[in-house]
Amino acid sequence: MAEALKAPFYDLIIVGASGFTGKYVVKEALKFLNINNPSSPLKSLAIAGRNPRKLSESLSWATHPNPPPPIPILFADITDPESLLRLCSHTKLILNCVGPFRLHGEPLVAACVEAGCDYLDICGEPEFMERMEAKYHDQAGESGSLVISACGFDSVPAELGFMFNSRQWVSPAVPNRVEAYLSLESEKRVVGNFGTYESAVLGVANAEKLQLLRRSRPKRARPVIPGPPPPKGSMIEHQKEVGLWAVKLPSADSSVVRRTLATLGENPCGLPGVNESADQISKREAFWSTLKPAHFGVKIGSKSLLGVLGFITVGMLMGLLGISSFGKWLLLKFPSFFSLGGFRKDGPTEDEVRSASFKMWFVAHGFRDSGSLSQGNNKPDMEIVTRVMGPEIGYVTTPIILLQCALILLNQRHNLPKGGVFPPGIVFGPTDLQERLKDNGISFDFILERAYSV
Ligand SMILES: NC(=O)c1ccc[n+]([C@@H]2O[C@H](COP(=O)([O-])OP(=O)(O)OC[C@H]3O[C@@H](n4cnc5c(N)ncnc54)[C@H](OP(=O)(O)O)[C@@H]3O)[C@@H](O)[C@H]2O)c1
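These numbers come from a predicted model, not from an experiment.

**Structural notes on the overall build of the protein**
A count of helices and strands for the protein gives 20 helices and 16 strands. Taken over C-alpha atoms, the radius of gyration comes to 22 Å for the protein, in line with the 22 Å a tight globule of 454 residues would show. Projected onto its principal axes, the C-alpha positions of the protein cover 75 × 55 × 45 Å. The 454 residues of the protein split such that 46% are buried. Here the contacts in the protein between residues at least 6 apart in sequence split such that 81% fall between residues at least 24 apart.

And the structure:
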């Protein structure tokens, strides 16, 4: 105990720093370490995991060709709760990169909630996020631990992109539905690491657990959205406006945006900060007063029909094989084959990461005049298109987002809720996160607005 008390206290600790994504997160974090960047609130940093050799290799990789700075390497094993509690009682904030989260995430959330430190992760698994919310929200509120999953490409571009589009609708205009079209681009190949593939395969294989969890929880009030529910549409869509063929993407984004809108429905002025100034209260309330709820969905797009057929094939293989143990074994044994080259055991090369980028188009339909709805017009007559774009999604954009969320937690903690389990949008929406992302290469653009006749 005396030894534990003497141990240093860190601003943040990156757990899972030896992983493929973890090492890119370390690289991004080092850019903001106070010794490299004097205005940064990040004064002390440690990395943690179960294998000191791999952690030290990550650190060397992250600073290559320079020698690694003296960053402490701490022991933490997800199967050893004491090691996690020790970690959490020596930091303000944990960044968790250990996945698949459905297998490894909960012990660290539990330790953060118990110790009262904050927690961010890069999870893209709705079942994990909703289960943590159901199980730990109240306790986290009491202990003052802010637990926010999906602080990576899943699902911050979707959350902030949705809000950016929704706030372009100036009264009396209102949106009815926003469809996001994701396009992954590269001069080489777009490749993901096995960790993300495994998380997706396990998500598909356990889809019924998510349904069971949702059925077991009290229904939350749905936000009031003007106009009819969105039409079903065909399985493959040709979106002429953005020049893409597209098919529904069963990612975490829709579930995360829905949770933000549900929380907003329950707290129309957003979530009060633990120690907000009067100025900040007005700023937060003004922000949320301009947000208009809408139906939201995500599709993955390709310039060619063949590309979309490829996405459908991978989805069908995962759906068909994922339900049996042998099928799951096959999927996990041969990731490259079953993902048509989209995922590899050893991840993308640095060149592949450097040459990739994304565009996420938000195509929204709604009403020029919300008053016309009461006169019987329920066909949308206006469209607004916006776009979020940035570098490679998994290992460049994700670390950028995670670090910017962390820096906001470190220097604006008084403006954020005391504690609880929340999606990122409801917490970071009224902060300067969008500006920060823009400063780091992720842009938010207004593309067009047009009225049409019905
Ligand atoms: N939000 C997004 O857009 C986004 C982007 C990228 C990744 N991700 C997610 O991030 C997760 C990680 O992906 P990845 O490709 O980086 O996977 P990875 O390379 O396999 O890394 C997994 C990490 O977890 C650690 N780990 C596993 N079991 C552990 C245990 N018992 N105790 C402590 N550490 C343990 C591993 O440590 P060892 O090195 O010791 O094995 C490694 O550091 C996945 O769930 C993926 O879906 C999300």
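Structure's up, so let's keep going.
**What about the UniProt feature "domain: Saccharopine dehydrogenase NADP binding" (unreviewed entry) in the protein?**
Within the UniProt annotation, "domain: Saccharopine dehydrogenase NADP binding" (unreviewed entry) is assigned to residues 13-148. Segment residues 13-148 splits into 47% helix and 18% strand. End C-alpha atoms: 15 Å apart.

**Description of helix H13 (residues 305-321)**
Note: α-helices contain 3.6 residues per turn, so residues at a spacing of three or four share the same orientation. Its 17 residues place the ends of H13 24 Å apart at the C-alpha level, agreeing with the 24 Å of an ideal helix rising 1.5 Å per residue. Every buried residue of H13 is listed here: Val308, Phe311 and Met318. Down the axis of H13, the buried side of the element spans an arc of 85 degrees, and every buried residue falls inside it. Exposed side of H13, more than 90 degrees from the buried face: Leu305, Leu306, Met316 and Leu320 are the residues found there. Against helix H9 (194-205), strand E10 (244-248), strand E11 (295-302) and helix H14 (325-333) lie the buried residues of H13.

**Description of unusual backbone geometry**
The phi torsion of most residues other than glycine is negative, and most of the peptide bonds are trans. Of the consecutive residues Gly99 and Pro100, the connecting peptide bond is found in the cis state with omega at -5 degrees. Looking at the element boundaries, Pro100 is found in the loop between strand E4 (91-96) and helix H5 (101-104). The residue after Asp154, namely Ser155, is reached through a cis peptide bond having omega 0 degrees. Note on placement: Ser155 falls in the loop between strand E6 (146-148) and helix H8 (156-166). Located in the positive-phi region is Leu340, a residue other than glycine, with phi close to 50 degrees. Checked against the element boundaries, Leu340 lands in the loop between helix H15 (335-338) and strand E12 (343-344).

**What about the site of the ligand?**
Within the structure, the ligand sits among 31 residues, and Gly19, Thr21, Gly99, Gly152 and Gly195 are positioned closest to it. Looking at the shell around the ligand, the elements that each hand over two or more residues are helix H2 (20-31), H5, H9 and helix H18 (393-411). Each residue belonging to the shell around the ligand can be placed in one class, and the counts come to nine nonpolar, 18 polar and four charged. Residue contributions to the shell around the ligand reach at least three from each of two domains, namely domain 1 (2-148) and domain 2 (156-391 + 443-451).

**Focus: the domain arrangement of the protein**
What the domain assignment reports for the protein is domain 1 (2-148) and domain 2 (156-391 + 443-451). Placing a centre on the C-alpha atoms of domain 1 and another on those of domain 2 gives a separation of 27 Å. Facing the 14 residues of domain 1 at the interface are 15 residues of domain 2. For the side of domain 1 that touches domain 2, the secondary-structure elements that each account for two or more residues are H2, H5 and helix H7 (126-143). Considering every element that reaches the side of domain 1 that touches domain 2, the biggest residue donor is H7, with five residues. A class-by-class count of the residues in the side of domain 1 that touches domain 2 yields five nonpolar, four polar and five charged.

**Thoughts on the sheet that holds strand E15 (residues 420-422)**
The sheet built from seven strands is open, its strands ordered E3-E2-E1-E4-E5-E6-E15 with parallel pairing. Two strands lie at the open edges of the sheet, namely strand E3 (73-75) and E15, each paired on one side alone. Here the strands of the sheet are splayed against their neighbours by 20 degrees on average, with no regard to which way each runs. Relative to the sheet, helix H3 (residues 52-63) contacts strand E2 (45-49) and E3, its axis offset from that of E2 by approximately 140 degrees.

**Thoughts on the nonpolar core**
Among soluble globular proteins, nonpolar side chains are generally buried collectively. With 111 residues, the main nonpolar core has Ile14, Leu95, Cys112 and Val147 as its most contacted residues. Among the elements that take part in this core, H18 stands out by supplying 12 residues, more than any other. Here this core gathers at least three residues from each of two domains, domain 1 (2-148) and domain 2 (156-391 + 443-451). Counting residues in hydrophobic clusters, the runner-up holds 10 residues, among them Leu202, Ala205, Met318 and Phe338.

**Things to note about the sheet that holds strand E16 (residues 443-451)**
What holds strands together in a sheet is hydrogen bonding between their backbones, with the strands either parallel or antiparallel. Reading across from one edge, E9-E10-E11-E7-E13-E14-E16 is the order of the seven strands in this open sheet, with mixed pairing throughout. Strand pairing shows two members of the sheet lacking a second neighbour, strand E9 (237-239) and E16, which therefore form its edges. Direction aside, the axes of adjacent strands within the sheet are offset by 30 degrees on average. This element, helix H11 (residues 253-266), spans strand E7 (174-186) and E11 of the sheet and lies at about 160 degrees to E11. Against the sheet, H18 makes contact with E7, strand E13 (356-367) and strand E14 (382-391), and its axis sits at roughly 100 degrees relative to E14, the strand it touches most.

**Some words on the pairing of strand E5 (residues 118-121)**
Of the two faces of E5, the one lined by Asp118 and Leu120 and the one lined by Tyr119 and Asp121 are each fully buried. Here E4 runs beside E5; their pairing, made up of four bridges, is parallel. Counterpart to Leu95 in the pairing with E5 is Leu120. As paired elements, E5 and E6 share two bridges and run parallel to each other.

**So, the environment of Asp77**
Relative to the assigned elements, Asp77 resides in the loop between E3 and helix H4 (81-88). By C-beta crowding, Asp77 is classed as partly exposed, having 15 other C-beta atoms within 10 Å. When sequence neighbours within four positions are dropped, the list of residues in contact with Asp77 reads Arg50 and Ser83.

**Examining the UniProt feature "transmembrane region" (unreviewed entry) in the protein**
The feature "transmembrane region" (unreviewed entry), as given by UniProt, occupies residues 305-327 and 393-410 in the numbering adopted here. The span residues 305-327 is 87% helix and 0% strand, and its two end C-alpha atoms sit 28 Å from each other. Annotation note: span residues 393-410, helix share 100%, strand share 0%, distance between end C-alpha atoms 24 Å.

What counts and how
- Residues numbered from 1 in each chain as written.
- Predicted model: local features only at pLDDT ≥ 70, side-chain atom pairs only at ≥ 80, totals over all residues.
- Helix = DSSP H or I, 4+ residues; strand = E, 2+ residues; numbered from the N terminus.
- Rg over C-alpha atoms; globule rule 2.2 N^0.38 Å.
- Buried ≥ 20, exposed ≤ 12 C-beta atoms within 10 Å, placed from the backbone.
- Contact = placed C-beta atoms within 7 Å.
- UniProt positions renumbered as here; feature names shortened; annotations may be inferred.
- Expected span 1.5 Å × (residues − 1).
- Arc of directions from axis to C-beta.
- Near = placed C-beta within 6 Å.
- Nonpolar A, V, L, I, M, F, W, Y, C, P; charged D, E, K, R; others polar.
- Domains from an automatic or database assignment.
- Pairing = 2+ DSSP bridges.
- Axes fitted to C-alpha atoms, helices over the stretch in contact; angles between N-to-C directions.
- Core = buried A, V, L, I, M, F, W, Y, C linked by C-beta atoms within 7 Å.

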